[in-house]
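Listed below, chain by chain, are the residues.
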Amino acid sequence: MRRRWAKRAVLAALFLVLFVAAFFLGTAWLFQTGTIRQWVNSLDVPGRVTVSSVRVDPLMRIRCRDFTWCPEKNPVVSAVSFPAILARPSWGDLIRGRRSVTVSLETGKARLLGSITWGDKAIRISVTSPGKLSFPGPFRFNQGVSVQGTWTLMADLSVARGKARGSVSGDVLIQARNLRLRWAKSPLGPLNVTFVTGTLKGTLDRSVLAIQTIDFRGKFLNVTGSATLWMDPVTGKVQEKGTLFFQPLAGLAGSSPKIDAAIRFLPRKPQGYQLTF
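Fair warning: this is a prediction, and the values are worked out from it, not measured in the lab.

> Would you mind going over the pairing of strand β7 (residues 122-128) with me for this structure?
Every second residue of β7 is oriented toward a common face, the buried set being I123, I125 and V127 and the non-buried set A122, R124, S126 and T128. The pairing of strand β6 (residues 111-118) with β7 spans six bridges and is antiparallel. In the strand pairing of β7, T117 is matched with R124. Judged from the seven bridges that link them, β7 and strand β10 (residues 145-160) form a sheet pairing that is antiparallel. Along β10, the bridge assignment pairs S126 with D156.

> What's the story with the side chain of N222 in this structure? I'm lost.
Inspection of the secondary structure puts N222 in strand β14 (residues 221-231). For N222, a relative accessible area of 10% translates into the label buried. Here the side chain of N222 touches G218 through a polar contact of 3.1 Å, landing on its backbone nitrogen. Non-local contacts of N222, meaning those with residues more than four positions away in its chain, are made with F216, R217, F245, F246, Q247 and L249.

> Could you clarify how one ought to interpret the pattern of salt bridges in this entry?
Pairing between side chains of opposite charge can happen when the charged atoms of each approach one another. The final tally for this structure, using the stated rule, is three salt bridges. Between R217 and D215 there is a salt bridge; the shortest N-O distance is 2.8 Å. Classification of R217 by relative accessible area gives partly exposed; the value is 37%. Between R264 and D260 there is a salt bridge, and its shortest N-O distance comes to 3.0 Å.

> Explain the nonpolar core here, please?
The nonpolar side chains of soluble globular proteins are, as a tendency, buried together. With 50 residues, the main nonpolar core has L221 and F246 as its most contacted residues. Residue contributions to this core peak at seven residues, all from β10. Here L221 is in contact with V193, F195, F216, F246, Q247, P248, L249, L252 and I263, once residues within four sequence places are set aside.

> Please clarify how unusual backbone geometry should be interpreted in this entry.
Trans peptide bonds make up the majority, and among non-glycine residues the majority have a negative phi. Cis geometry is adopted by the peptide bond preceding P136, which originates at F135 and carries an omega value of 5 degrees. On the secondary structure map, P136 appears in the loop between β8 (133-134) and β9 (139-141). Positive phi, normally seen in glycine, also occurs at D66, with a value near 55 degrees. With respect to the helices and strands, D66 occurs in strand β3 (residues 62-70).

Cut-offs used in this document
- Residues numbered from 1 in each chain as written.
- Predicted model: local features only at pLDDT ≥ 70, side-chain atom pairs only at ≥ 80, totals over all residues.
- Heavy atoms only, no water.
- Buried < 20%, exposed > 50% of the residue type's maximum accessible area, 1.4 Å probe, protein only.
- Helix = DSSP H or I, 4+ residues; strand = E, 2+ residues; numbered from the N terminus.
- Pairing = 2+ DSSP bridges.
- Polar contact = N/O pair within 3.5 Å; in protein donor to acceptor, adjacent residues only side chain to side chain.
- Contact = heavy atoms within 4.5 Å.
- Salt bridge = Lys/Arg side-chain N within 4 Å of Asp/Glu carboxyl O.
- Core = buried A, V, L, I, M, F, W, Y, C linked by side-chain atoms within 4.5 Å.

See the structure below:
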């Protein structure tokens, strides 16, 4: 009897070891480093995306080091960089047959949290900031540009696969508080303004970003409007068009006389001084 139970125990232990090994190997197959690099390179975004290394550890955690996106010639931002990105399998979704991971993106002292789900037709990406993030955070600004303040982010995006591979669609919301922008060579001259609140709300549709809401409120200046950005399919360069309305308040002429003078040269509308680009 003891021998029979001993054999059963050995067989059960062997089965458990094989099951665990097969499980981890199978999960590792779902999250191959080559697949991750291929997905990153397939993103239809202007500029260059690089990842120094991608590693999958025995616990099936995916670690990406030095993720950097360098957009094409941008007057303000030179790069967006995350020192580390950690992705963990979402076991509940995997049991239900969905390939899904939760993601943590390091931005210095704070983090962005999100999830990535692989489907047959699209890859869904959701990102949010659990608390306020401080500038500069993941942003690298061009020489002569300085940004201070806090901000939050919410984004729910879908990256199409197959024939439409690379097309990005979804919603984005960015909110900022106590935002101070210093820009030595802005289109309106040296800029040094502070906004108590700021909101950017937009929609991506096949990689065309429509910012329906631009609303920044400050002590000396309010800025509202909308804009659309897209990548030219021929030249591959980012194109933009939109309208901004500037409302200079009392005190702007004293704090930033050149900006105040430049704004008042613009056509005046009921919403404010209009800048169309």
